[in-house]
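Next come the chains, spelled out residue by residue.
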Amino acid sequence: MKYLLHKTNRMFLIIFTFLIVNTLIFSMISIYHSANNAISQMAPEEQNYFSISSEYDYDSAVVISEGSTISMLTAPFPITQEVLEKIRETEYIEEYAYQYQVITPAVSDLNGTPLKMVSPEGTKDIEDSSWFSYVRGVSDSKLLYDDTITLREGEHIESSSRLSALISTEYADLNHLSVGDKLRLTAEGSSVDDAVAPDSADVTIIGLFEPKFLNSGDKVQPYELASNDIFIDFHTASVLDPYDFGMTYAKFYVSGSGVRSDVIKSVKNLEINWDHYSLIDGFNETVVDSDSIKKIAGLFLLLTGFTILISLFVITMILILQARERISEVGIFLSLGVSKRRIMLQHFVEILLPALLSLLLSPFISSFILKAQDYIQIGANSLQPQVSVIAAVLLINLCLIITATYVSCFQLLNMKPGDIFVKLS
């Protein structure tokens, strides 16, 4: 260690090298772990359902005037009961659920006081009442969203529900709400003080949910957070919609295994104007997402291996240069009878201490870089270095130092003291 204290430039070079290496390895292994966590959250078994959603077009009947600007609102092609029945009559379709066009009414308590919204991670609390929640009118919240939300308390919305709502546990805690409390939803363009239907509706909270997949970051808007979503019954949503857009999404469950693809082919052949709707195979989408994430995880694992090899070469070169500068010291040690193992252990410890110092700093630098580059959460797991990641990087450091120390000292330690002094003379 005295050598490094005297050679401060060499010590800082070693610390800097390990700092760069460990930061890169921390970042890549953290992303690799997070990608694998996201894959593990995806259901491995085939999901026996498919869905249809509305395409959008400009609606000349809905004109928005803002000063001298006049524009038409994009409106969905509604999914009609006729379309639902045609698909429902297809063989093997067991049950279905549907959703009204997403609406954005003002949300308040019964006194008209706007409710607070959950803030994106790392931002200040939202006080501006101009922000809005996405309100989704559903015929059956369990059938539609069981793969994206978990019911924590109460019950799901069903086709027979009226004036009912589901809110997230986080939204409920923020506004001191619980199952049985009421919310006032006021349609766009109406006053929150107007309690006359159809401009507003007082809905009862019948359940609390928790999103299975989270999104966060300083670029995420409040209305994009799943914790700010509100689910209400389909009937109430149709009453509150000022544009009468109607049904825009439906999900169909198929009975029996291995028949979903055939059912989808049959549905595509129905006399339905498919220019107005998109047919979505949820299982295929999941497979594509999973494959993409696996490729990303594999790429980062490959980059980690490449980084380790380059690091081994660089560190070994530094240690070889250091060993050549200390050839006389090694010769004296060997002539005094100091064992080769002890000399190598001294070199190992001298490199280990700067490496450990960089190991303490690199997790914080890695986290800062990942956040600065907006590597937000994948699934519900963050990119913060975990205990397993730190242990993996520590093991990699030990292997690097042992290998580099052995390679750099091998030739020198196999020389006899006399040969070393002859070489110096």
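Residues numbered from 1 in each chain as written. Predicted model: local features only at pLDDT ≥ 70, side-chain atom pairs only at ≥ 80, totals over all residues. Heavy atoms only, no water.

Draft legend 1. Layout of the overall build of the protein chain. For the protein chain, the helix and strand inventory stands at twelve helices and 13 strands. Counting every position in the protein chain, which comprises 425 residues, the buried fraction comes to 42%. Considering only contacts in the protein chain between residues 6 or more positions apart, those separated by 24 or more positions represent 79%. When the accessible surface of the protein chain is summed, it comes to about 22800 Å², and 58% of that surface belongs to carbon and sulfur atoms. (Helix = DSSP H or I, 4+ residues; strand = E, 2+ residues; numbered from the N terminus. Buried < 20%, exposed > 50% of the residue type's maximum accessible area, 1.4 Å probe, protein only. Contact = heavy atoms within 4.5 Å. Areas by Shrake-Rupley, 256 points an atom, 1.4 Å probe, with all protein chains shown as cover.)

Draft legend 2. Fine view of the pattern of salt bridges. Within this structure, the stated rule accounts for seven salt bridges. The closest approach of N and O atoms between Asp146 and Lys142, which form a salt bridge, is 3.7 Å. Overall, the relative accessible area of 34% leaves Asp146 in the partly exposed class. On the accessibility criterion, Lys142 (43% relative accessible area) is partly exposed. (Salt bridge = Lys/Arg side-chain N within 4 Å of Asp/Glu carboxyl O.)

Draft legend 3. Geometry of helix H3 (residues 81-88). For H3, the complete set of buried residues consists of Val83, Leu84 and Ile87. All buried residues of H3 project into a common sector of 100 degrees when viewed along the axis, lining one side. Those residues of H3 that are buried lie in contact with strand E1 (49-54), strand E4 (93-100), strand E12 (247-254), helix H7 (260-268) and strand E13 (277-280). (Arc of directions from axis to C-beta.)

Draft legend 4. Up close: unusual backbone geometry. Backbone geometry places Tyr92, a non-glycine residue, at a positive phi of 80 degrees. Positionally, Tyr92 belongs in the loop between H3 and E4. For Tyr92, a relative accessible area of 41% corresponds to the partly exposed category. Positive phi, normally seen in glycine, also occurs at Leu163, with a value near 50 degrees.

Draft legend 5. Highlighting the side chain of Asp229. Here Asp229 is to be found in the loop between strand E10 (200-211) and strand E11 (230-233). Within the structure, the side chain of Asp229 is placed 3.4 Å from the side chain of Arg136, a separation counted as a polar contact. (Polar contact = N/O pair within 3.5 Å; in protein donor to acceptor, adjacent residues only side chain to side chain.)

Draft legend 6. Quick look at the pairing of strand E8 (residues 164-168). With five of five residues buried, E8 is to be regarded as a mostly interior element. Alternating residues of E8 divide into Ser164, Leu166 and Ser168 and Ala165 and Ile167, and every residue in both groups is buried. Bridge analysis of E8 against E10 gives five bridges, and the strand direction is parallel. Looking at E10, one finds that Ala165 is bridged to Ile205. (Pairing = 2+ DSSP bridges.)

By themselves, these figures tell us nothing about what the structure is for.
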